[in-house]
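Structural description and commentary
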Amino acid sequence: MSDAILVLEDGRTFTGRAYGATGRTLGEIVFNTGMTGYQETLTDPSYHRQVVVMTAPHIGNTGVNDEDPESRRIWVAGYVVRDPARRPSSWRSRRSLDEELAAQGVVGISDVDTRALTRHLRERGVMRAGIFSGDALVRPEGERRPVDELVDEVLTAPAMTGADLAGEVSVDAAYVVPALGPDGAPLDEPRARVAAVDLGIKAMTPQRMAERGVEVHVLPATSTIADVLAVQPDGVFFSNGPGDPAAARHEIDVLRGVLDRRIPFFGICYGNQLFGRALGFGTYKLQYGHRGVNQPVMDRTTGKVEITAHNHGFAVDAPLDAETVAPFDGGRYGRVRVSHVDLNDDVVEGLEALDLPAFSVQYHPEAAAGPHDAAYLFDRFLDLMTSHRDGAGTTGGDATNQKGAA
């Protein structure tokens with residue numbers, strides 16, 4: 001292995017060994033606290049343009065298989081680990097993680113003190129960073145490039161604030177995930193039809209809905225409200241994805257078209273942030289975000305605590321203490337309350353409209369990878385769609401109460 005160096009925009013450096021591809025990569029550096037699920041993390045489109053630090057010390061133990069990817073490729077801009085596995089040990093493994101990173105051109109670094117790096121990011125906040133190895137680490141004449149020169153290069157990387165990235169990770173054309181019955185066979189007549197706007201969707205998300213008898217039409221991020229309505233959906237879903245929600249003006253306009261027509265809506269992660277902005281709330285950047293599979297969240301309707309999977313660097317700025325009238329257009333969307341809250345830092349983790357059939361959560365209920373505590377949210381969405389279609393006129397709040405005891 002060749003030498004490598006990780007350079008932060010504040011001048012802090014960490015030396016190590018090249019892991020995966022050699023060369024140069026730049027991006028926003030973030031840390032993930034998951035003990036498992038590195039393959040799902042790597043292929044999560046929400047990590048587009050981010051250099052990911054794994055806090056778990058041993059990475060690559062089970063290699064890479066062909067069943068667990070959450071999208072068509074690895075999306076992380078760079079990868080930072082402490083002790084990579086010397087060889088994978090799993091009957092499902094088809095190749096090593098090092099080989100997969102190299103094959104997809106992902107520049108990484110190993111043998112880094114990830115504990116010290118994570119503490120630094122917790123204190124200073126996420127920032128831009130670069131990994132340099134091979135020819136990117138030396139000048140043409142062969143001498144090592146000075147750190148200040150590498151820092152200047154890191155500072156040329158675009159910031160995440162203001163970045164509109166969903167269109168870069170979304171599919172180019174719509175596709176359908178058919179509804180499945182209890183035996184796993186396709187249903188002739190789905191229980192509901194959903195238009196799912198792909199802002200960086202993970203493969204397991206439409207699969208979880210399909211397992212409940214829902215036919216899912218996955219649409220590109222560029223879809224218009226006319227494209228959504230052409231599906232004749234019983235409900236609309238907005239997925240997770242990368243970027244600053246304040247920059248997603250097109251997607252917010254489409255979502256307001258959904259809310260204006262009182263079509264049942266469910267959003268997760270980035271979809272939660274866009275729901276908040278569509279309602280008129282602001283969003284803000286967290287100091288170091290939530291990324292991992294162990295975040296405790298309270299469902300404020302039931303008092304139940306869930307351990308949840310997260311990947312977000314922005315959050316909704318909505319009042320926690322009481323329900324409020326959504327600020328957009330003089331209260332056009334009625335009353336809203338914060339339905340879920342993070343128990344570590346009181347970040348808004350869910351919203352529900354009390355006068356519209358709409359709700360959202362900030363985390364990943366599809367549990368790929370992660371715990372299954374929040375799987376009931378897909379049932380809640382199905383209940384909301386069927387009750388609304390059958391003429392019950394159920395609002396988001398009523399649906400929450402109906403399913404909260406499950």
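Computed from a predicted model, the values in this text were never measured in an experiment. (Residues numbered from 1 in each chain as written. Predicted model: local features only at pLDDT ≥ 70, side-chain atom pairs only at ≥ 80, totals over all residues. Heavy atoms only, no water.)

Examining the pairing of strand β20 (residues 358-361)
Neither face of β20 is left uncovered, since the one carrying A358 and S360 and the one carrying F359 and V361 both have all their residues buried. Two elements, strand β14 (residues 265-268) and β20, share four bridges in a ladder whose sense is parallel. Bridge pairing in β20 places F266 opposite F359. Here strand β19 (residues 348-353) runs beside β20; their pairing, made up of three bridges, is antiparallel. (Buried < 20%, exposed > 50% of the residue type's maximum accessible area, 1.4 Å probe, protein only. Helix = DSSP H or I, 4+ residues; strand = E, 2+ residues; numbered from the N terminus. Pairing = 2+ DSSP bridges.)

Looking at the environment of L165
By the element assignment, L165 lies in the loop between α4 (147-154) and α5 (166-169). What makes L165 buried here is its relative accessible area of 1%. Sequence separation between L165 and D244 is 79 residues; the distance between their C-alpha atoms is 7.9 Å. Dropping the residues within four chain positions of it, L165 is found in contact with H48, R49, M160, P242 and G243. (Contact = heavy atoms within 4.5 Å.)

A closer look at the nonpolar core
For soluble globular proteins, the rule of thumb is that nonpolar side chains tend to be buried together. If you look at the biggest cluster of nonpolar residues, it comprises 35 residues, and the most contacted ones within it are F238, L255, L259, F265 and F275. Elements that contribute at least two residues to this core include exactly β11 (192-197), β13 (235-238), α8 (249-260), α9 (270-279), β18 (335-342) and β19. Ignoring any residue separated from it by four or fewer positions in sequence, one finds L259 in contact with F265, F275, A278, L279, Y333, L356 and A358. With 26 residues, the next largest nonpolar core counts V194, F266, V297 and F381 among its residues. (Core = buried A, V, L, I, M, F, W, Y, C linked by side-chain atoms within 4.5 Å.)

A few points about the UniProt feature "domain: Carbamoyl-phosphate synthase small subunit N-terminal" (unreviewed entry) in the protein
Residues annotated by UniProt as "domain: Carbamoyl-phosphate synthase small subunit N-terminal" (unreviewed entry) correspond here to residues 2-132. Counting secondary structure, residues 2-132 comes out at 18% helix and 34% strand; the distance between its end C-alpha atoms is 11 Å. (UniProt positions renumbered as here; feature names shortened; annotations may be inferred.)

Things to note about the sheet that holds strand β4 (residues 50-54)
Reading around the circumference, β1-β2-β8-β6-β4-β3-β9 is the order of the seven strands in this closed barrel, with mixed pairing throughout. Between one strand axis and the next, the sheet turns through 35 degrees on average, direction left out of account. In the packing of helix α3 (residues 114-124) onto the sheet, contacts are made with β1 (3-8), β2 (13-20), β3 (24-32), β4, β6 (78-80) and β9 (127-133), and the angle to β3 comes to roughly 85 degrees. Along the sheet, α4 contacts β1, β2, β3 and β9; its crossing angle with β9, the most-contacted strand, is approximately 125 degrees. (Axes fitted to C-alpha atoms, helices over the stretch in contact; angles between N-to-C directions.)

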